[in-house]
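# Breakdown of the fold
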Amino acid sequence: MQPICSVRSSPDRRVWFLGASHAVGIAAALLAAACLRLGWDGGLDYLATHHVTLAGSWGILMVSLGTAGLYDSDRWVWPRRTLAAATFAVIGGTLLTTAFLWMTSSWDVARQILLAFAIFALLAVLAMGLIYRLTRSLGLLTRRCLVIGANGEARRTIELIHRHPHAGIQVVGMVQCGSEPRIVGTRVAGYPVLGTDASLKRLVRRHRIDTFIVAAPGEVESKLLRRLRSFRYRGVALADYGSLHEELTHEISVADINDEWLLAASMNNSRPHIRRSKRALDLVGSLAVLVAAAPLAALAAVLVKLDSAGPLFYRQERLGRDGVAFTILKFRTMSAEAESRTGPVWAAEDDPRVTRVGRWLRRFRVDEVPQLLNVLRGEMSLIGPRPERAIFVKDLAGRIPFYMERFMVDPGITGWAQVTQPYAASTEQSRRKLQADLYYIKHMSFPTDLYILLRTVKIVLLGRERSRFVRGTDAATTAESENVACSG
C-alpha cells in the first residue's frame, strides 16, 4: 500500500494538556505564595509591580519541568520516578530563579515568598499529574480508532499500538475491505471485525470513532481513500502504518516511505525561513556557550595534555550538508594511536580506547565544545544529524534506503537521534538513527530545537535514560549509531 503522504502526525493532546495544566499550576503557586506571605492586597500589588521578573521566574520553572521530562505523558505512569523528577525540577528551578531575581535586583521582596513558592509549585505539579491520570483513566484523552483492513498490515498496526500502551489509542475494532475474505463478526488479533467499508458511516456514529487507521490491501486503496475523504471533513483523523509509526516512535520508518512521501514532507515547513532562524540561533547560541564554557574548556585542555601523550584536539574529515567535506574539531578523548591500531571501526559506549579524562569529557559532553567553532564557520549547526565519515557513509548509503536524505540539512552537535537513543554499532541501528534524523528533518522548527537542547541539558546533568519513544521496541534496534568518527 502506498503511504498516505498528506497526513502528518497529529499533535499529542496529552502533552499539550500536561503543559497547559503545569503552566496554570505554577502561576497559581506564585499567586498563592505572594498572597500567603504579603496578604491578599499586598500579594496582588507585588505581582502587578514585578510582573516582568515574575514572568521570567515562571518561565524558568516551566523550562525546568520540561528538562525533567514532566511534559512526557509516560513519565506519569511511574509515581516514584515522577516524584523524584518533580522534586529535582522544582529545586533546580528555584535555585535558578533565585539567581535570576538576585541579578534583576528583585531579591529583597522575592526572598519572602520564594520558599512558599517552591512548596506550592511542587504541590501544584503533583496535583496536575493526578488530574492527568484521572482524566486519562476516564478515557477523556483517549482516541477511539477503527482499523480499516483485517490483513497482515492490520496485524502489524495492532502490534505497533500494543508496543505503546500509554499512547492513548483505543482500538474499537476492524473493518473488512474490498476483496478480503468475509470475516465480519469474527475476531482478528483479539479485536472484532465490526463490518465492511460500506458501513463506515454507521460505525463512526455508533462507536464515536476519532481516527481511521488504514491497513487496506493495495488494490482497493484508491477507491477507499476517495470514500474516506468525506470523513476528514467531519473531523475524523486519517492515518496509515507509516504515519502512526511516526507519531508513536517519533521516527520515520524508511520501509514505509517513498520519494512522493519525501517530497510532501519537504513542504511541511518553510525551509528558507527555518534556515535563517536556525542560523541566527546557531550564531547567538554558540557564542554564548563558548564564553560561558571558556573556563571549563581551559581546564579540559590542561587535563587532556596531562593525561596522555598526543595532540590536544581531535581533527577528522566529516561530511556535512550536501555531502561537502569539512574538518571537525573536538577535544581528544582517545589515545593518540587508537585508530592506527584498529582502523575505522564502530565505537562502543565503554570503548577501551578512551582515556581516563576522555571518559569524563564524554560524560559531560565537554569534548564537544570545540565544535562550536565549526558552528560559527557555518559547517555545522547546534541541532541536526551527526556528521559522519565518508568511509561509513558510502557503506551505509548502499545498505539503507534514503540514507543520503540526512545530508539535506546541516549536521549538528546534538540532535533528535542523539538525545533519544544511546550508542550503537550495527547497520540496523544506523537505520534507527536515520529514521530519527528523518523525523527531525520533517519537523524541524525553533520549538523542536529548543526541546532538543533541553533534553541535551538533561542528559548532561542526569545521564541517559531509555527514551519513551523507543520503549517497547526490539532491544536490538534501540540504539543510536555512533562510529569512531564521532567519538575520537
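The shown structure was predicted, so the numbers you read here are calculated from the model rather than taken from an experiment. (Residues numbered from 1 in each chain as written. Predicted model: local features only at pLDDT ≥ 70, side-chain atom pairs only at ≥ 80, totals over all residues. Heavy atoms only, no water.)

Here the focus is helix H3 (residues 79-103). Think of an α-helix as turning once every 3.6 residues; residues three or four places apart then point the same way. Helix length check: H3, at 25 residues, gives a terminal C-alpha distance of 36 Å against a target of 36 Å (1.5 Å per residue), a fit within 8%. Among all positions in H3, only Thr82, Ala85, Ala86, Ala89, Val90, Gly93, Thr94, Thr97 and Leu101 are buried. (Helix = DSSP H or I, 4+ residues; strand = E, 2+ residues; numbered from the N terminus. Expected span 1.5 Å × (residues − 1). Buried < 20%, exposed > 50% of the residue type's maximum accessible area, 1.4 Å probe, protein only.)

This part is about the nonpolar core. Counting 44 residues, the largest nonpolar core has Leu361, Tyr403 and Trp416 as the members making the most contacts within it. Those residues in contact with tyrosine 403, other than ones at most four positions away along the chain, are Glu388, Val393, Leu396, Ala397 and Leu434. Formed by 26 residues, the second largest nonpolar core is a distinct cluster that contains Leu47, Met62, Leu70 and Phe117. (Core = buried A, V, L, I, M, F, W, Y, C linked by side-chain atoms within 4.5 Å. Contact = heavy atoms within 4.5 Å.)

One can find arginine 143 in strand S1 (residues 143-148). A distance of 2.4 Å separates polar atoms of two side chains, one belonging to arginine 143 and the other to glutamate 247. (Polar contact = N/O pair within 3.5 Å; in protein donor to acceptor, adjacent residues only side chain to side chain.)

Caution applies to low-pLDDT regions: their predicted coordinates should not be interpreted in detail. The share of residues in the chain with pLDDT of 70 or more is 83%, and the mean pLDDT across the chain is 82. A low-confidence stretch, residues 5-11 (pLDDT under 50), is modelled with 17 contacts involving residues beyond four sequence positions or located in other chains. Per-residue pLDDT stays below 50 along residues 466-488; that stretch engages in 102 contacts with residues further than four places along the chain or on separate chains. (pLDDT = per-residue confidence, 0-100.)

Of the two faces of strand S5 (residues 211-214), the one carrying Thr211 and Ile213 and the one carrying Phe212 and Val214 are both buried. One ladder, built from 4 bridges, connects S1 with S5; its direction is parallel. From the neighbouring strand, leucine 146 faces S5, where its bridge partner is phenylalanine 212. In terms of strand pairing, S5 meets strand S6 (residues 237-240) through 4 bridges, oriented parallel. Pairing of valine 214 across the sheet is with aspartate 240, part of S6. (Pairing = 2+ DSSP bridges.)

Glancing now at the packing of helix H5 (residues 152-162) against helix H8 (residues 241-249). Look at H5 against H8: their axes get within 11 Å of each other, and the N-to-C directions meet at 10 degrees. Compared by their axis directions, H5 and H8 come out roughly parallel. Where H5 approaches H8, its residues Glu153, Arg156, Thr157, Leu160 and Ile161 are matched on the opposing element by Tyr241, Leu244, His245, Leu248 and Thr249. Within the contact of H5 with H8, the residues separate by chemical class into 5 nonpolar, 3 polar and 2 charged. (Axes fitted to C-alpha atoms, helices over the stretch in contact; angles between N-to-C directions. Parallel < 35°, antiparallel > 145°, perpendicular 65-115°, else oblique. Nonpolar A, V, L, I, M, F, W, Y, C, P; charged D, E, K, R; others polar.)

What follows is about a positive patch on the surface. Together, Lys201, Arg202, Arg205, Arg206 and Arg234 line one region of the surface with positive charge. Following the sequence through the fold, arginine 205 ends up in helix H6 (residues 200-207). Look at arginine 205 and you get exposed, because its relative accessible area is 60%. (Patch = residues over 30% accessible without salt bridge, like charges linked within 9 Å, V, L, I, M, F, W, Y side chains within 5 Å. Areas by Shrake-Rupley, 256 points an atom, 1.4 Å probe, with all protein chains shown as cover. Salt bridge = Lys/Arg side-chain N within 4 Å of Asp/Glu carboxyl O. Lys, Arg positive; Asp, Glu negative; His and termini not counted. Charge placed at Lys NZ, Arg CZ, Asp CG, Glu CD.)

Right, let's get into the packing of aromatic side chains. What describes a pair of aromatic rings is the distance from one ring centre to the other and the angle between the planes of the rings. Under the counting rule described, the total for this entry stands at 7 aromatic pairs. Connected via pairs of aromatic rings, a cluster forms that spans Trp416, Tyr439 and Tyr451. The ring of tyrosine 241 has arginine 156 sitting right over it, with the charged end atom 3.7 Å from the ring centre. The ring centre of phenylalanine 231 lies 5.0 Å from the NZ or CZ of arginine 234, which sits over that ring. (Phe/Tyr/Trp six-rings, centres within 6.5 Å; stacked < 30°, edge-to-face > 60°. Lys NZ or Arg CZ within 6 Å of the ring centre and 35° of its normal.)

A few words now on a nonpolar patch on the surface. Together, Leu296, Leu299, Val302, Leu303 and Leu306 make up a nonpolar patch on the protein surface, roughly 480 Å² of accessible area in all. Tracing the backbone shows leucine 299 in helix H10 (residues 271-307). Of the residues examined, leucine 299 reaches a relative accessible area of 48% and is grouped as partly exposed.

This part is about the pattern of salt bridges. In the structure shown here, the tally under the stated rule is 16 salt bridges. Put simply, arginine 356 and aspartate 307 hold a salt bridge, and the shortest N to O gap is 3.0 Å. A residue pair is termed long-range when its members are at least 10 positions apart, and arginine 356 in helix H12 (residues 356-363) and aspartate 307 in helix H10 qualify at 49 residues. Accessibility expressed as a relative area gives 66% for arginine 356, which makes it exposed.

Strand order in the open sheet formed by 6 strands is S3-S4-S2-S1-S5-S6, and the pairing between neighbours is mixed. In this open sheet, the two edge strands, each paired with only one partner strand, are strand S3 (187-188) and S6. Each of S1, strand S2 (169-176), S3, strand S4 (191-196) and S5 is contacted by H5, which is oriented at about 175 degrees to S2, the strand it contacts most. Against the sheet, H8 touches S1, S2, S5 and S6, its axis set at about 95 degrees to S6.

It is worth spelling out the pairing of S4 at this point. On any regular strand, side chains alternate: one points to one face of the sheet, the next to the other face. Where S2 and S4 come together, 3 bridges link them in parallel fashion. Bridging from a neighbouring strand, glutamine 176 pairs with threonine 196 of S4. As paired strands, S3 and S4 are joined by 2 bridges and run antiparallel to one another. Across the sheet, residue valine 188 finds its bridge partner in S4, namely tyrosine 191.

Its 17 residues give helix H2 (residues 51-67) an end-to-end C-alpha distance of 24 Å, which sits within 8% of 24 Å, the value for a rise of 1.5 Å per residue. Taken residue by residue, H2 has Thr53, Leu54, Ser57, Ile60, Leu61, Met62, Ser64, Leu65, Gly66 and Thr67 as its buried positions. Glycine 69, located one to two residues past H2, shows a positive phi value of around 80 degrees.

Before going further, it helps to spend a moment on unusual backbone geometry. Located in the positive-phi region is alanine 189, a residue other than glycine, with phi close to 55 degrees. In this structure, alanine 189 sits in the loop between S3 and S4. A relative accessible area of 33% means that alanine 189 is categorised as partly exposed. Positive phi is not limited to glycine here, since phenylalanine 402 has a value of about 60 degrees. Note on placement: phenylalanine 402 falls in the loop between helix H14 (390-399) and strand S10 (412-414). On the basis of relative accessibility, which here comes to 22%, the residue phenylalanine 402 falls in the partly exposed class.

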